[in-house]
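Understanding the architecture of this molecule
The residues making up each chain are set out below.
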Amino acid sequence: MADSLAPLLPTHIEEDEDTSSPLTFDKILEKSLSDFGFSQFLQIVLVGLALTFDSQQIFITVFTDAYPTWHCLDHTICNPATTDICKIPRSAWDWDGGFKGKSVISEFDLECSSSFLRSLPSSTFYVGSIVGGVVLAMIPDGSLGRKQLLFFSSFAMSLTGISIFLSSNIWIYSFLKFVIGFARSQTGTYALVLISERISTKWRPRATMVPFTLFVLGFMSLSGIAYLVRHASWKVLYLCTSIPAGIHSIFIYFFALESPRWLHLEGKNKEAIEVLKRISPANRGYLESVSSRLRPKETLEQTSSYSIKDLFIRKWAFRRVTLVMIIMFGLGMSYYGVPLAVRDIKVNIYMSEALNAMVELPTFVVTPILLEQFSRRSSVLVNCLIGGASGVLCFVMSLYGRTKIAFALELGSFFCARIGFNLMAIYLVELFPTCVRNSATMMLRQALVVGGACCPLIASLGRNVPSLSFAVFGFAMSGLGLFALLLPETKGLSLCDTMEEQEQRDQALKTSHSC
């Protein structure tokens, strides 16, 4: 109780000690947000819910683009077990329930089309995600702000999802899927950065797990929604997920708070202090007493000059980006590839996919423990080595026919891949300053997606050599994870705002270590 009331009590001794030195915004933020209140939790959930609707749009095609079941009308020439419906008259069979709009396949008459055309909507969605990741990364961090970018991303995704209800052919539908992929490509990045910059160093490991948890819950809730509307048109599922997403984006616009670090970087100290007061009302007295002592920050013209190019022209930044992308490429291969290759172990695919989804939830409990108890570098390194070893052992056990052990090792490898992504997401936020944090985080996610894009080709190796793909994913995860040794340690350090501040602190840390 005493700790929670400390900011409200007079601090004449501290002020007398510090009046000679300028009070930095970072010190104000860390002290005012040292306690975790209910208002902070609400803000985290409000922003984190964006990932719930994001995950629904990622996995929605599992239900909307599925191949529906059918039955015979003329049993003299039709047998559901052996007949190819493309080789018999349309009058000899019909879709179960007699409802043509149950799936994209049935509504657009794609049952006899090429696999390319049937998979076109999903493909254009991922192409849109990759293109959007590149294009949106070019937007300077100082242009619109964290909250506005998240709002526009969520609103555009939901509005396009609602528009799918009007699509009349596969080409319009595929185009709209591309737009959805483009719009949502950086939703996770915007939400993660906004949450990270509104929380103190002490609470960051736990708070940043909330949006990841909501992402998984979004995928799990999608199954329930799809089951409830299973007798309706596939377009209804888009409405049931996109309309709530649109309402949520409006809530973000009116009720979500902007990043105080971004406001300070833009020279809006008054607005930044007001945000801190709303996040932590108990420290209002302290914030009012120190706001006048806050040193003016750079002007908007100066701060807006930072862009993604700074990540390439500064040697230390380029080195960090390269190392992070290498590690994330390996994690992406394991995270997306291991569940894809599980079919080679000869276990029930439905059970395996359900367990792979469930195994993600404990990672959000384990990750904060690792972040709080161990260094960032060692946590990433050991996790990648364990996950990689599990993948290789999975390959070995499958060769000897130990299916149950191999499946357990597959779950372990996937578990480590998810923890690795969680760790690197927090690590990256701490490695780069506020002025380029959005751009750097976008590149992390792009490396993850590119790693995932290689998985189908590698997984196909299992058709010739059973479970060989697990060994490839394991070696990639453990081998590329070794690059974590070259990254600087950031545990316990507060976030920097500008490239110059980051360089000065890194130099000071090097000097202290050398001494």
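Since the structure is predicted, the reported quantities are computational estimates derived from the model, not experimental observations.

Cut-offs and rules
- Residues numbered from 1 in each chain as written.
- Predicted model: local features only at pLDDT ≥ 70, side-chain atom pairs only at ≥ 80, totals over all residues.
- Heavy atoms only, no water.
- Helix = DSSP H or I, 4+ residues; strand = E, 2+ residues; numbered from the N terminus.
- Buried < 20%, exposed > 50% of the residue type's maximum accessible area, 1.4 Å probe, protein only.
- Contact = heavy atoms within 4.5 Å.
- Areas by Shrake-Rupley, 256 points an atom, 1.4 Å probe, with all protein chains shown as cover.
- Disulfide = S-S within 2.5 Å.
- Phe/Tyr/Trp six-rings, centres within 6.5 Å; stacked < 30°, edge-to-face > 60°.
- Lys NZ or Arg CZ within 6 Å of the ring centre and 35° of its normal.
- Core = buried A, V, L, I, M, F, W, Y, C linked by side-chain atoms within 4.5 Å.
- Domains from an automatic or database assignment.
- Arc of directions from axis to C-beta.
- UniProt positions renumbered as here; feature names shortened; annotations may be inferred.
- Salt bridge = Lys/Arg side-chain N within 4 Å of Asp/Glu carboxyl O.

**A look at the overall build of the protein**
When you go through the protein residue by residue, the secondary structure sums to 28 helices and two strands. Looking at the protein as a whole, 53% of its 515 residues are labelled buried. Looking at the protein alone, contacts between residues at least 24 apart form 83% of all its contacts between residues at least 6 apart. Of the roughly 22,600 Å² that the protein leaves accessible, carbon and sulfur atoms contribute 68%.

**As for the state of the cysteines**
Scanning the entire structure with this criterion turns up one disulfide. Paired by a disulfide, Cys 86 and Cys 112 hold their sulfur atoms 2.1 Å apart. When the S-S torsion is -110°, as for the bridge of Cys 86 with Cys 112, the disulfide is left-handed. One end of the pair, Cys 86, is in the loop between strand E1 (70-72) and strand E2 (93-95); the other, Cys 112, is in the loop between helix H6 (104-107) and helix H7 (115-118), and 26 residues separate them in sequence. Between Cys 435, a cysteine without a disulfide, and Cys 496, which holds the nearest cysteine sulfur, the sulfur-to-sulfur distance is 9.6 Å. Given a relative accessible area of 3%, Cys 435 falls into the buried group.

**Considering the packing of aromatic side chains**
The full count for this structure, using the stated rule, is 20 aromatic pairs. Where Tyr 335 meets Phe 414, the ring centres are 5.3 Å apart and the plane angle is 10°; that geometry is what we call stacked. You can see Tyr 335 sitting in helix H20 (residues 315-341) and its partner Phe 414 sitting in helix H24 (residues 403-431), a full 79 residues away along the chain. No difference in accessibility class separates Tyr 335 from Phe 414, as the two residues are buried. An aromatic cluster is built from Phe 151, Phe 152, Phe 155, Tyr 253 and Phe 254, whose rings are joined through pairwise contacts. A cation over an aromatic ring shows up here: Arg 230 above the ring of Tyr 227, its NZ or CZ 3.9 Å from the ring centre.

**Brief notes about the nonpolar core**
If you look at the biggest cluster of nonpolar residues, it comprises 109 residues, and the most contacted ones within it are Leu 311, Met 328, Met 424 and Phe 432. In terms of residue count, the dominant contributor to this core is H24 (17 residues). Two domains each put at least three residues into this core: domain 1 (22-68 + 98-297) and domain 2 (307-508). If we ignore the near neighbours within four places in the chain, the residues touching Met 424 are Val 324, Ile 327, Met 328, Leu 331, Val 380 and Leu 444. Grouped together as the second largest cluster of nonpolar side chains are 16 residues, Trp 262, Ala 272, Ile 279 and Val 290 included.

**Some remarks on helix H17 (residues 284-291)**
By the burial criterion, the buried members of H17 are Tyr 286, Leu 287 and Val 290. Looking straight down H17, one finds that the buried residues subtend no more than 95° of arc, so they occupy a single side. Where H17 is buried, its residues meet helix H3 (25-32) and helix H16 (269-279).

**Topic: the UniProt feature "transmembrane region" (unreviewed entry) in the protein**
Here, the residues flagged by UniProt with the feature "transmembrane region" (unreviewed entry) are residues 116-137, 149-172, 207-230, 236-256, 317-337, 380-400, 412-432 and 468-487. Taken end to end, residues 317-337 is 100% helix and 0% strand, and its first and last C-alpha atoms sit 29 Å apart. What you have in residues 468-487 is 70% helix and 0% strand, and the ends, taken at the C-alpha atoms, are 31 Å apart.

**Observations concerning the environment of Val 193**
Along the chain, the position of Val 193 falls in helix H11 (residues 187-196). Separated by 233 residues in the primary sequence, Val 193 and Ile 426 have C-alpha atoms spaced 9.4 Å apart. Apart from the residues within four sequence positions on either side, Val 193 is in contact with Arg 146, Arg 437, Asn 438 and Thr 441.

**Things to note about the pattern of salt bridges**
Under the criterion given, the structure shown has 17 salt bridges. In this structure, Arg 204 and Glu 430 form a salt bridge, with 2.9 Å as the shortest nitrogen-oxygen distance. Of this pair, Arg 204 sits in helix H12 (residues 204-207) while Glu 430 sits in helix H24, placing them 226 residues apart in sequence. Residue classification places Arg 204 among the buried positions, given a relative accessible area of 1%. Residues joined by salt bridges that share partners form a network here, namely Asp 26, Glu 30, Arg 261 and Asp 497.

**Notes on unusual backbone geometry**
The phi torsion at Asp 109 lies on the positive side, around 55°, for a residue other than glycine. Here Asp 109 is to be found in the loop between H6 and H7.

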